[in-house]
Structures are given as structure tokens and as C-alpha cells.
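Tertiary structure, described
What follows is each chain in one-letter form.
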Amino acid sequence: MTRFRTHVLPVLTVILAILIVWHIFVVILNASFVRDQAARAGESVSTTQLIERTFNQERPVLPAPHQIIAELWATTIDKPITSKRSLVYHTWITLSATLMGFGMGTLLGILLAIAIVHNRAIDKSLMPWVIASQTIPIIAIAPMIIVVLNAIGISGLLPKALISTYLSFFPVVVGMVKGLRSPDAILIDLMRTYYASNTQTFWKLRMPAAMPYLFTSLKVAIAISLVGAIVGELPTGAVAGLGARLLSGSYYGQTVQIWAALFMAAGLAAILVAIVGLAHTAVLKRMGIKA
């Protein structure tokens, strides 16, 4: 009962509040179109009819929750996963670029963090550039990366993965630098009294201490890597992927399709973060540390 009150009830309360506000704004944002339609048809609509029609528009400004659920069902359950109209198919296209970019970003971030921690010159010269790199909006960089790589004959999965790498390496670098520097000075001195080499100190002290920081960074990196993959599908008018669904929905005014793709992306991000969280718990348990 205590767990329900402290963990489940607050989440349900927030969800309920969001749904109430959502339903109110469905009526507010879609009402003008319903009134215009009624005026052109020369009829008057009651409040009940107005509310009913705002929740069932074909191309609403703000779709109702049941419309998004229906679209998700139609594009996942009712469509074979090999169909190009299936959200599962498009999700897999985006997921493949996400995982590839996340893997490369994680590896790059760890290597840069190790170099920064062990070399003062790299720390002073490289760390400011790492931070400055994230001040440039990805929506500005993505088209340049895609176009330049297409010009030299590189297309498909790799350009999108590189955009994901660009976004995901940053939290890993910052988290790992913080984690590798987290052992107290007295522990470093203790390793020196054992006449431990830098390599031994790294593997036996710094790396275990950095694990909680690493997995916390990975949760951010995997989610932002998904954003990078979606953004990477936009500049060239991609025909597959969640970004492509957003793009085609924008072209044809299919707001329900756009929102369904957004909800699928949010669900995918939640699943990926949860998987990293499970790995986090398993690794710390293996190390004898409470998560």
C-alpha cells in the first residue's frame, strides 16, 4: 500500500491531469474549424454537437487521445510489419540508426573521457570543444552532414548514425569524466602505496567508481540518440523511419499520423531507457553495489 501511495498514485495523478487538460484543449483548438464548417453549411451547432465534432475531426489541430490510439492500432496491429505503412517497420528503421549511433557515441565518449582524465593538455584543450560542440543546434548540422556524405557516395544508415553519435557522445564524456575523477584523493594515494600502475588504478579503482555515472549518462545518451536518428531522416525527405512519418504527415496535414509517430517514438525511448536501467541494476548488483 505504501508503494502504491508513493510510486503509483503520483504517476496516475499526473497522467489524469494531463488527460483532463488535453481533452479541454481538444475542444478549444478544434472548435473554430467546426464553427466554420457549420457556418458554410448554414447550420447552427449546439454545445454538445460542437464537443462531439471536435473529438472526431479528420485532420484536427489537436487530435483526441482515442484518435491517436486508433491510429497506433491501425498502423501496428492491423498492418504486417513488412508493410511500409506499418509503424513497426518505420520504428525498426529508426531503431537501427539509433543503436548504431549510440554504440559509436558510447565508445567515442568513453575514449575521450579516458584521454581527458589522464592527460592534462587534452583536458584543457579538448573539453571546451566538447562542450562547445553541443551549442550548435542539431537541426542546423544534420542537413550538412547528410548532404556532404551523400555527395561522396555515403547514404543510408551511416549518416543518420553519425548524427546520433554527435548527440550521444556528449553525456557519456561528461558522465565518465565525472565518474573517473570521483574516487577520493586518499584512495588514489592508497593505490600508490601499493605501487599500482596507472593501468591498475584505472581498472581497479577509477572504472568501478565510474559505473554509476556511466549508466546514468547512457540513459540520456540512448534517448538523445533516438532524437538524432529521427532528425537525420528529415533533411533529405526520407521515405522510411519515424522521421519520414513525421515529414509525410506534415506535408499532407495528417496530424493524427504525426502524433501517432511521436507517441511511438516516446514509447521506444522509454523502452530503450528501461533496458539501460535494467543493465545498470544488473551490473551494480554484480559489483555488490545497491542501485
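Definitions and cut-offs
Residues numbered from 1 in each chain as written. Predicted model: local features only at pLDDT ≥ 70, side-chain atom pairs only at ≥ 80, totals over all residues. Heavy atoms only, no water. Phe/Tyr/Trp six-rings, centres within 6.5 Å; stacked < 30°, edge-to-face > 60°. Buried < 20%, exposed > 50% of the residue type's maximum accessible area, 1.4 Å probe, protein only. Domains from an automatic or database assignment. Contact = heavy atoms within 4.5 Å. Buried area = accessible area lost by both parts, 1.4 Å probe. Salt bridge = Lys/Arg side-chain N within 4 Å of Asp/Glu carboxyl O. Polar contact = N/O pair within 3.5 Å; in protein donor to acceptor, adjacent residues only side chain to side chain.

Examining the packing of aromatic side chains
On inspection of all chains with the given rule, the structure shows four aromatic pairs. Residues F202 and W203 carry aromatic rings whose centres are separated by 5.0 Å and whose planes lie at 80 degrees to one another, so their mutual orientation is edge-to-face. Residue W203 is classed as exposed on the basis of its relative accessible area of 56%. Taken together through their ring pairs, the aromatic side chains of W22, W259 and F263 make up a single cluster.

A short note on the domain arrangement of the protein
Entries for the protein in the domain assignment read domain 1 (1–62) and domain 2 (87–287). The distance between the C-alpha centroids of domain 1 and domain 2 comes to 36 Å. Contacts between the two partners involve six residues from domain 1 and, on the opposite side, seven residues from domain 2. Taken over both partners, the interface formed by domain 1 and domain 2 buries close to 480 Å², and the fraction arising from carbon and sulfur atoms is 55%. Contact with domain 2 buries area across many residues of domain 1, yet W22, R59 and P60 alone supply 70% of it, more than any other trio. Applying the counting criterion to the domain 1 and domain 2 interface returns zero salt bridges. On the surface where domain 1 and domain 2 come into contact, there are one residue pair in polar contact (both at pLDDT 80 or more).

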